[in-house]
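# Structural description and commentary
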Amino acid sequence: MNEMIRLPVTLDPPSPGARRRRARSGTFGVLDLGSTKVVCLIARIEGDGRPRVLGYGWKRSHGVKGGNVVDLVEAEHAVRGAVAQAEEMADHKLSGVICNLSCGQPESRVQNLQWTIGGRAVTEADLRAVIVDGRRRAAEEGRESVHAVPLGFTIDATPGVDDPRAMVCETLGARLHLVGAASASLRNLGACLAGCDLEVEELVSSPFAAALAVLVDDEKELGATVVDMGGGCTSLAVIQEGHLLHTAQVPVGGWQVTNDLARGLATPIAQAERIKTLHGGVLGTAEDEKEMLHVPQVGEDEEQLARVPRAMVVNIIRPRLEETLEMVRDRLDAAGLGQQVGSRVVLTGGASQLVGVRELAARILERQVRLARPHPVRGLPEAAHGPGFATTLGLLAWGAGEGRPVLDIDMGASLPRGRFARFVNWLRDRV
């Protein structure tokens, strides 16, 4: 079986009514392993090139914090439950899944590489060598490359070459964008799924998947920053001219907001989540001091309720979300992309649904902001089309061929037969 290096990652729009060349054939599964929920979908690509969900299941997440597996037994139990629900509904047994990457502190790095050609034509072997060299440099720092996105090749002194194969030159240069994560965290993820009798068929960066689910074609081309406000962390992806330019993650999400409320109001975690959902927001009004909420207290009988003004809830939530968005702004500034990040920010994820987040983000990030829901997918209930499912539905879009590379390079490597061994080989030989 041959392994493929795929260059570059692009977000070319689908052709209506046409099946994508790189779409998955047959029935396939996707798994979104998050800090608050685990979602499994089983789907197939229909004649018009769009996916139809045959079965779905989701469970409350356990054993996962900040996107990282911290308890293999608990995480395996949650994954098994979600997968079993989907398999029963679809009447199909999964052997592998397309999985999201949110563990191992994923981040972007840009490398400028040079490769001596010596006056002959560039071959696929040369491109492989450039990519392997970039991967090797990342591996020396204990990180594995999941996506490799060439941002452009240079033939001697001529920049702006998209596909240098068969071109004659002395030196080949490549500006390579690597999305990598800590090797140990990826192996823990692989061990968790191997314990559930599942193979990791592909890994897709979580914010990149969210971008596939929520961006419209013009945003992909003109430039936009997708900010996915999840339960355990907030991640971002910068897209321009159909390319993934940058991705980053901050370790703050909706769970921290819930925890702040539980501490500030001295109420159980479950009640804090309910208060956040029903009464949470970041924009205060004059009526907030008068609107009194009945809040159960930790350790007290259910009848013992404290009365607190809604203004207190707003004042607890706002600083945490301001901190989160300021960290996103700092990540974008540190990336040094300038105008490439675009003037538009697209917010998605469960925590983006709090009242006033859009206005707060526009003020802190100083860009146009819109709230986004994933594009509709056939076979799913309305509840699964909310912003909290953006990453999940983006994995489906990837399976349908969206975001796939336009240039494939055969690695010519055989994969070992064991599931976990194949996963380790995937990490070593695939970008």
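About the cut-offs
- Residues numbered from 1 in each chain as written.
- Predicted model: local features only at pLDDT ≥ 70, side-chain atom pairs only at ≥ 80, totals over all residues.
- Heavy atoms only, no water.
- Helix = DSSP H or I, 4+ residues; strand = E, 2+ residues; numbered from the N terminus.
- Buried < 20%, exposed > 50% of the residue type's maximum accessible area, 1.4 Å probe, protein only.
- pLDDT = per-residue confidence, 0-100.
- Contact = heavy atoms within 4.5 Å.
- Axes fitted to C-alpha atoms, helices over the stretch in contact; angles between N-to-C directions.
- Parallel < 35°, antiparallel > 145°, perpendicular 65-115°, else oblique.
- Left-handed = near helix turned anticlockwise from the far one by under 90°.
- Nonpolar A, V, L, I, M, F, W, Y, C, P; charged D, E, K, R; others polar.
- Phe/Tyr/Trp six-rings, centres within 6.5 Å; stacked < 30°, edge-to-face > 60°.
- Lys NZ or Arg CZ within 6 Å of the ring centre and 35° of its normal.
- Salt bridge = Lys/Arg side-chain N within 4 Å of Asp/Glu carboxyl O.
- Expected span 1.5 Å × (residues − 1).
- Pairing = 2+ DSSP bridges.

## Observations regarding unusual backbone geometry
- The phi dihedral of Ala-266 falls on the positive side, at around 55°, and the residue is not glycine.
- On the secondary structure map, Ala-266 appears in the loop between α6 (254–265) and α7 (269–279).
- For Ala-266, a relative accessible area of 35% translates into the label partly exposed.
- With a phi close to 55°, Glu-366 is a non-glycine residue in the positive phi region.
- Assignment of secondary structure puts Glu-366 in the loop between α9 (357–365) and β19 (368–371).

## Description of the confidence of the model for the protein chain
- Looking at the protein chain, the pLDDT average stands at 85 and 88% of residues meet or exceed 70.
- Note that pLDDT drops below 50 for residues 410–421; the model gives that stretch 34 contacts with residues more than four away or on any other chain.

## Focus on the packing of α6 against α7
- Contact geometry of α6 with α7 gives a least axis separation of 8 Å together with a crossing angle of 110°. With respect to α7, the element α6 is oriented roughly perpendicular. Classified by chirality, the crossing of α7 by α6 is right-handed. Between α6, through Gly-254, Val-257, Thr-258, Asn-259, Leu-261, Ala-262 and Leu-265, and α7, the contact on the second element is made entirely by Ile-269, Ala-272, Glu-273, Ile-275 and Lys-276.
- Within the contact of α6 with α7, the residues separate by chemical class into 7 nonpolar, 3 polar and 2 charged.

## Description of the packing of aromatic side chains
- Taken as a whole and assessed by the stated rule, the structure comprises 3 aromatic pairs.
- Between Tyr-56 and Trp-58 the ring centres are 5.7 Å apart and the planes differ by 20°, which places this aromatic pair in the stacked class.
- According to the relative accessible area criterion, Tyr-56 is partly exposed, its value standing at 24%.
- Looking at Trp-58, the relative accessible area reads 32%, which means it is partly exposed.
- For the pair Phe-208 and Trp-398, a centre-to-centre distance of 5.9 Å together with 75° between the ring planes defines the contact as edge-to-face. Within this pair, whereas Phe-208 is found in helix α4 (residues 206–214), its partner Trp-398 is found in helix α10 (residues 390–399), the two being separated by 190 residues in sequence.
- Judged by its relative accessible area of 0%, Phe-208 is buried.
- A relative accessible area of 6% places Trp-398 in the buried class.
- Site record: aromatic cluster; members linked through ring pairs are Tyr-56, Trp-58 and Phe-389.
- The lysine or arginine in question, Lys-37, covers the ring of Phe-389, its NZ or CZ lying 5.0 Å from the ring centre.

## Describing the pattern of salt bridges
- Counted by the stated rule, this structure contains 26 salt bridges.
- Here Arg-329 and Asp-330 are joined by a salt bridge, their closest N and O atoms 3.7 Å apart.
- Look at Arg-329 and you get partly exposed, because its relative accessible area is 30%.
- Classification of Asp-330 by relative accessible area gives partly exposed; the value is 40%.
- Where salt bridges share partners, they join Arg-44, Glu-46, Asp-48, Arg-52 and Arg-378 into one cluster.

## What about helix α8 (residues 310–335)?
- Along its 26 residues, α8 runs 38 Å from first to last C-alpha, staying within 8% of the 38 Å computed at 1.5 Å per residue.
- Considered for burial, the residues of α8 that qualify are Arg-310, Ala-311, Val-313, Val-314, Ile-316, Ile-317, Leu-321, Thr-324, Leu-325, Met-327, Val-328 and Leu-332.
- Looking one or two places after α8, you find Gly-336, whose phi comes out positive at around 65°.

## Here's the deal with the pairing of strand β3 (residues 37–45)
- Of all 9 residues in β3, 7 are buried, a share of seventy percent or more.
- Direction of pairing for strand β2 (residues 27–33) relative to β3: antiparallel, over a ladder of 7 bridges. Its bridge partner lying in β3, Gly-29 is registered against Ile-42.
- Count of turn residues in the β2/β3 antiparallel hairpin: 3 residues.
- The antiparallel pairing of β3 with strand β4 (residues 51–60) creates a hairpin that spans 5 residues between the two strands, and Gly-49 there sits at a positive phi of about 85°.

## Details of the environment of Leu-265
- As for its placement among the helices and strands, Leu-265 is situated in helix α6.
- Apart from the residues within four sequence positions on either side, Leu-265 is in contact with Ile-275, Val-295, Gln-297, Val-308, Met-312, Val-313 and Ile-316.

## Looking at the packing of helix α1 (residues 72–90) against helix α3 (residues 183–195)
- Packing of α1 against α3 leaves a shortest axis separation of 9 Å and a crossing angle of 55°. Between α1 and α3, the crossing angle belongs to the class labelled oblique. Once α1 is placed against α3, the crossing between them reads as right-handed. Only Asn-188, Ala-191, Cys-192, Leu-193 and Gly-195 of α3 make contact with α1, whose side of the interface consists of Leu-72, Ala-75, Glu-76, Val-79 and Arg-80.
- Here the contact of α1 with α3 is composed, by residue class, of 6 nonpolar, 2 polar and 2 charged.

## Considering α4
- Of all 9 residues in α4, 9 are buried, a share of seventy percent or more.
- Of the residues making up α4, those classed as buried are Ser-206, Pro-207, Phe-208, Ala-209, Ala-210, Ala-211, Leu-212, Ala-213 and Val-214.

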